[in-house]
Every structure is written in C-alpha cells, then in structure tokens.
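Okay, here's what each chain looks like letter by letter:
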Amino acid sequence: MRPFLILFAVASTFAAEPISIGSRRELFVDDFLIEKMTGKAEQRLHQPQPKEIAITHDAPWEGSGSGYHSIFKDGDKYRMYYKSWQLTVTAPGKVNTGEHPLFTCYAESDDGIHWRKPELGLHEFKGSKANNIVIPHGKMGKVNPDGGHPAVFKDENPDAASDAKYKAIVRSNSPKGLLALKSPDGLRWSPMADAPVITDGAFDSQNLAFWDAQAGLYRAYWRYFTEGTTDEKNWKPSGLRAIRTATSKDFIHWENQQDLRYVDSPGEALYTNQVKPYHRAPHLLLGFPTRYIERGWSESMRALPEREHREWRSKASDRYGMVITEGLFMASRDGVTFKRWNEAFLPPGIERPGTWNYGHQYIAWHPVETKSSMEGAPNELSLYATESYWTGKSSELRRYTLRLDGFVSLHAPMSGGEVVTKPLTFTGKALTMNFATSAAGSVKVEIQDANGKAIPGFTLSDCEEHFGDSIERTVVWKNGTDVSSLAGKPVKLRFVLKDADVYAIRFE
C-alpha cells in the first residue's frame, strides 16, 4: 500500500487528523483535501482543446478500425503503439472485419506532435517487411496474441530484467485471457508465460497494466461485466461494461481482484479505463475511461453526421449505428475507489464527418508533456483521441492540449468564493500554486491553525492579491514567502477566489 494513502471514507470520518502531504504536488481532482467551499466556489472540470491530426492510420495494414493507442515519453523520444484494423461497411448493412489480420503497430516522435511510422523490417505483410508492425498475427512461442488489443509501457521497476524493459498486456486469441509480453527494445516481443496470466474478464477492450512506483507493485485494469452502483455492500454481477483491477509483484501472478468503485457516480457502461500514475503527482492514479451510450434511434440520431453509413452499420448490428462514445475523467489514491466526474471530459464536439459515432473519442493511454506552440509559454499536456472510425480506409488520432495539472480547478466567479482545506502538515519553505485569473480577478491565501484560526503573519489581510496565469507561482505575504516556521504543524489553507482557478499546490 502507498504509505500516505487515506481512503475517502476514512479521511471524512477522521477530518481532524492532519493529512501529511510533505512536499508533493496536490491536484484538486477529488475532495481529499477539501473541508468546505462557500460562496460560489466549486470544483470545475476542464476540457482539452482540439489541435491537429497527429497521425492517420492509412497504410494497407492499418485502416478504419485502428485505435487503442499507448503513448509515453521514453528519454528524448515519444513512443506510440496501436492496433491496426480495417472495418469495411457496405450497403445494405454488410460489415467486413477480415480484410487483414489485426496487428500492433509502432510510431515515434521527437516532440509528441509530429509522428512518423518507421519501416522496421520485422514482420511480413503481403510479402513485404517494409512496415511498422511489432506484434503480428499468429503464434508467438506457445501463446496466440491478439495484436488488436495492446497496451504497452516502459517498465520503471528498478528490478526489471534487461530483456523486459518494455512490457505489454494483450488479449489472447485462444485460450481466453490476457497475455504478458516483454521486450528489450520495445520492438521485438516475446511471451513472459506460456498461458494467459489473467483469465477472469471480458477483455474486448484496451486492457492494461503498469508499474506503480509509489506502491512498489504492478497494477492491472481490464474490462469486466458488473453493475455500477455507489452502494459498496451490494456489488452484483450484471451485463454492464465495467472495470476490474488486480495487483502483482512479478507481472505474472495477479491477486487482490476488485471491481472499481466510484464515490458518487451512477452505473454507466465504461469501455476502456486508461489508468496510470500522473507523472507530476505519481501518488494520483488518473483514468480516462470511454463512456459507451446506446441512445437509440431518434430524429437527433438521424441528424448526426454520416446518416446513411450509420444506417448501414445498424443493419448489421443496431449498436454499431446508434452507440455514441466520449471520454471521461477519474482519479484515485488507492487504485480501487475513484472520483469519476460525471460530465464529459472529452465530448464529441462540433458535428463533422468522422465524429459522434461508436469509436469516437477513445483517449490514448496516457497524457504526455509537450512543448507549447506559443513561444515562451510553459509546457502543456497532450492527449490524443480517435476519430473517423468505421468509414473509408483509415482512422485518425487527433491531438488535444490541456495546461499542466489542468484537469480540475478550484473555481469562483467575480462575485467570489472560498475554499478551506482539511488540516494538513507539510515540509518546505514556500507554498506554490498553479493558478489562473482574469485581469481583474485574484487569489489570496490564508494559513490557519488546525482549529481554523488565522495565524499571525499569514492572515488574509497579510496576503497579497495574486493575479496572472502561471504553472508555478509562489504565494507572498507581507513578510515574504517563508512558511518554514509552520512546517510539520497541522494547518489549514483558506483560498479566497475572484474570477480565478487554482489547479494545484505544492510546498517546496
């Protein structure tokens, strides 16, 4: 277990117990630190902004069903892995999924923005090895991997073997289950075991696993059928698409299976999960699941893009035409209980060809840090999501951007609002915040004792009005920035906001 993990229920019950945050960065993606909000203060979910098409999957071995991307930064290089698949739909409702086998392909980038598909020369497609296929169709040793359901990561476990610096979870074609693969270079793969390592689940999704350095173990998340409910004592199996998790010490033997639980979310069908530690605050597990919604046929459904093609798909299977998908956001501190934001994190957006369909807005696993297109601006987060699924001979991956830590903020309009934290202890000499205001807006911070009494020198009247838009701004009081005299003592933070957002804080 993570040494500082406190479950939501426990933190609520023992609110007087100070939360030790040390000098780690804290995001306001849940209510872990929040004791109360007054005025018009609220937690506000933010949405990524669309940018360019990052990559088009138009090679003969790719196609309109390509997706399930894994993206991560590896030294000076960004790596991308994805399924390649062609879905061909023709009138009056014929769907051909067998034009070519499903593969796992590879792309790379120097900046996370411009991507290339290297000719790797590893596996043959129609008589040629001039392609970017890294996991082919067919047997691999004694196992039979499905290259169409990959999740690839670089293993940061310091004890990882040299031939297993990169690992992957892929679905097994037969027998049913998830296979563990390893690679010394991320390109040449071999099985870690002669049979599936996880066998209890549905698996027709992007199932994944990774090394959790904070907990010192591997975590896996995969698709499962269960009933979503906020009643943790009455969790019953049903036909709802959901998520299951387990842990492992060696990536082969998995234990502690549990269904994900949600703080205040209704039961909803979730296809992917996209859970991974956030690189700037690795004690937080952030997920970007896909919400799967069967809206049914209506005039609004008929008004969506590509009506004729949608009707063709529905003649093959009604859900192929009437299901809509979008990206959600959730966060956890223990890997099992998540705060899932019920509003869309990545909605379908303005109607245009290739959107508002089943397969749209599947978010790649996981956001990466990239340079801003604005000269002099700080780095930002790049997220990637699929579009143009089903139609033609290709699908696309669009890049989106979000400010660093910018998932959720403490927000108040110009009329104002206040947020007070639970008692906490910290280490460090200064308080910094990731915040943004309008030209007329402001943020002020008061430090209180554990009973809510303002501490002399750190009162609201002592604090300067902070305005601007900065990833890291040091909070200043009349006597300066030094808060080291309060380190290790239980304190509360009071934020007074006017037309402002605070995304994250950190004592340094």
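Since the model is a prediction, treat every value here as computed from it, not as a measurement.

Asker: I'd like to hear about the overall build of the protein, residue by residue, with values.
Answerer: In terms of regular secondary structure, the protein is built from four helices and 35 strands. Dimensions of the protein along its principal axes, counting C-alpha atoms only, are 75 × 55 × 50 Å. Going through the 508 residues of the protein one by one, you find that 59% of them count as buried. Within the protein, contacts between residues separated by at least 24 positions form 66% of all contacts whose residues are at least 6 apart in sequence. For the protein, the exposed surface amounts to about 20,200 Å²; the carbon and sulfur share of it is 49%.

Asker: Mind laying out the sheet that holds strand β5 (residues 49–57), listing which residues take part and the relevant values?
Answerer: Pairing within the open sheet is antiparallel, and its four strands lie in the order β5-β29-β28-β27. Whereas interior strands pair on both sides, the edge strands pair on one side only; in this sheet they are β5 and β27 (368–370). Neighbour to neighbour, the strand axes of the sheet diverge by 40° on average, direction disregarded.

Asker: Quick one: what's the story with the layout of surface pockets, residue by residue and with numbers?
Answerer: Of the volumes computed, that of the largest pocket is approximately 560 Å³. Residue assignment for the lining of the largest pocket shows that the elements contributing at least two residues are β6 (67–74), β13 (145–154), β17 (208–212), β22 (276–278) and β27. Ranked by the residues each element gives to the lining of the largest pocket, the list is headed by β6, at four residues.

Asker: Break down the confidence of the model for the protein for me, with residues and values.
Answerer: Looking at the protein, the pLDDT average stands at 94 and 94% of residues meet or exceed 70. When the criterion is pLDDT under 50, residues 3–15 qualifies, and its contacts beyond four places in sequence or with other chains add up to 18 contacts. A low-confidence stretch, residues 228–237 (pLDDT under 50), is modelled with 18 contacts involving residues beyond four sequence positions or located in other chains.

Asker: Report on the environment of Asp-74, specifying residues and quantitative values.
Answerer: Turning to its location among the elements, Asp-74 is positioned in strand β6. Given the relative accessible area of 11%, Asp-74 is considered buried. Separated by 100 residues in the primary sequence, Asp-74 and Ser-174 place their C-alpha atoms 32 Å from one another. Aside from chain neighbours lying at most four places away, what touches Asp-74 is Arg-79, Lys-154 and Tyr-166. Reaching out from Asp-74, the side chain makes a polar contact with the side chain of Tyr-166 at a distance of 2.4 Å.

The rules behind each value
- Residues numbered from 1 in each chain as written.
- Predicted model: local features only at pLDDT ≥ 70, side-chain atom pairs only at ≥ 80, totals over all residues.
- Heavy atoms only, no water.
- Helix = DSSP H or I, 4+ residues; strand = E, 2+ residues; numbered from the N terminus.
- Buried < 20%, exposed > 50% of the residue type's maximum accessible area, 1.4 Å probe, protein only.
- Contact = heavy atoms within 4.5 Å.
- Areas by Shrake-Rupley, 256 points an atom, 1.4 Å probe, with all protein chains shown as cover.
- Pairing = 2+ DSSP bridges.
- Axes fitted to C-alpha atoms, helices over the stretch in contact; angles between N-to-C directions.
- 1 Å grid on protein atoms, 1.4 Å probe; cavity = no way out; pocket = protein on both sides within 12 Å on 5 of 7 lines; lining within 4 Å.
- Points joined across faces, edges and corners; volume = space filled by probe spheres on them.
- pLDDT = per-residue confidence, 0-100.
- Polar contact = N/O pair within 3.5 Å; in protein donor to acceptor, adjacent residues only side chain to side chain.

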